[in-house]
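# Remarks on the overall topology
Next come the chains, spelled out residue by residue.
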Amino acid sequence: MKGKEKYQRKVKRKRISQIKTRIFSFILYRINFDFLCLNDDYKEKDLQRSLEDNIYRFLLELGKGFSFVGRQVKLEVGGDDFYCDMLFYHIPLKRYVVIELKTGKFEPEYVSKVNFYCNAVNHLIKGIDDNDTIGLLICKERNDIVAEWTIENAPVPIGISKYELQNLVKDI
């Protein structure tokens, strides 16, 4: 009996690994935001607004299958209001994608926030035919080892991408 249980666990781990690979096949290592025009002292809200203003180009950068749901999507949990930066739906994967934007370096605690938003979307928005929500954290900088260790055993699939932005306008 032990051998059969060991084999079943091995098959289950392989299946989970294949699912994770498929989910993260759409997540880019580096996202190019050169289509945005921001001041060199831009804030997170400026980045969000600019991406929404250029939503078509942002969707092209993300890749095939994405549909924009909203920006600053309100999630009311236990009487408290929370707002995820951007919410998308990935049509082929049949799942919502929470996107959290950070204008600085990746910090491990950001993953906890994205995990919370994913769970909130699962409870409040996701339909019965939808798969569980996944998260994508997009930061200006990322230490690859810190990022990898942070999401290694995360309960919700979360990708961490960094973005490039070359066309900054100097403030006069």
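All figures in this text were calculated on a predicted structure; none of them were measured in a lab. (Residues numbered from 1 in each chain as written. Predicted model: local features only at pLDDT ≥ 70, side-chain atom pairs only at ≥ 80, totals over all residues. Heavy atoms only, no water.)

With that out of the way, let us pick up the environment of Phe68. Relative to the helices and strands, Phe68 resides in strand β3 (residues 66–77). Considered as a pair, Phe68 and Phe88 are 20 residues apart in the sequence and their alpha carbons are 4.6 Å apart. Residues in contact with Phe68, not counting those within four places in the same chain, are Glu52, Ile55, Leu59, Met86, Leu87 and Phe88. (Helix = DSSP H or I, 4+ residues; strand = E, 2+ residues; numbered from the N terminus. Contact = heavy atoms within 4.5 Å.)

Turning our attention to the confidence of the model for the chain. Of the residues in the chain, 80% have a pLDDT of 70 or more, and the chain-wide mean is 81. Looking across the chain, the model is least confident in strand β8 (residues 168–169), with a mean pLDDT of 51, and most confident in strand β4 (residues 80–90), with 95. (pLDDT = per-residue confidence, 0-100.)

Before going further, it helps to spend a moment on helix α2 (residues 44–53). Here α2 has its buried residues at Leu47, Gln48, Ser50 and Leu51. All buried residues of α2 project into a common sector of 165 degrees when viewed along the axis, lining one side. Exposed side chains of α2 directed beyond 90 degrees from the buried face belong to Lys45 and Asp53. Considering only its buried residues, α2 is in contact with β2 (38–39), α3 (55–62), β3, β4, β5 (95–105) and β7 (158–164). (Buried < 20%, exposed > 50% of the residue type's maximum accessible area, 1.4 Å probe, protein only. Arc of directions from axis to C-beta.)

Assignment of secondary structure puts Arg142 in the loop between β6 (131–141) and α5 (144–151). A distance of 2.9 Å separates polar atoms of two side chains, one belonging to Arg142 and the other to Asp144. Here Ile160 takes part through its backbone oxygen, which lies 2.2 Å from a polar atom of the side chain of Arg142. (Polar contact = N/O pair within 3.5 Å; in protein donor to acceptor, adjacent residues only side chain to side chain.)

Another point: the state of the cysteines. One pass over the structure, following the stated rule, counts zero disulfides. As a non-bridged cysteine, Cys84 has Cys118 as the owner of its nearest cysteine sulfur, 8.8 Å distant. Given the relative accessible area of 0%, Cys84 is considered buried. The exposure class assigned to Cys118 is buried, which follows from its relative accessible area of 0%. (Disulfide = S-S within 2.5 Å.)

With that out of the way, let us pick up the environment of Lys43. Mapped onto the secondary structure, Lys43 falls in the loop between β2 and α2. Judged by its relative accessible area of 49%, Lys43 is partly exposed. Sequence-wise, Lys43 and Thr103 are 60 residues apart; in three dimensions their C-alpha atoms are separated by 6.8 Å.

Okay, the sheet that holds β3 next. Read from one edge of the open sheet, six strands run β1-β7-β6-β5-β4-β3, paired in mixed fashion. Because the sheet does not close on itself, it has two edges, and the strands there are β1 (30–32) and β3. Across the sheet, the mean angle separating the axes of adjacent strands is 35 degrees when strand polarity is ignored. Set on the sheet, α2 makes contact with β3, β4, β5 and β7; between it and β5 the angle comes to about 135 degrees. Across the face of the sheet, helix α4 (residues 109–124) comes into contact with β3, β4, β5, β6 and β7 while running at roughly 150 degrees to β6. (Pairing = 2+ DSSP bridges. Axes fitted to C-alpha atoms, helices over the stretch in contact; angles between N-to-C directions.)

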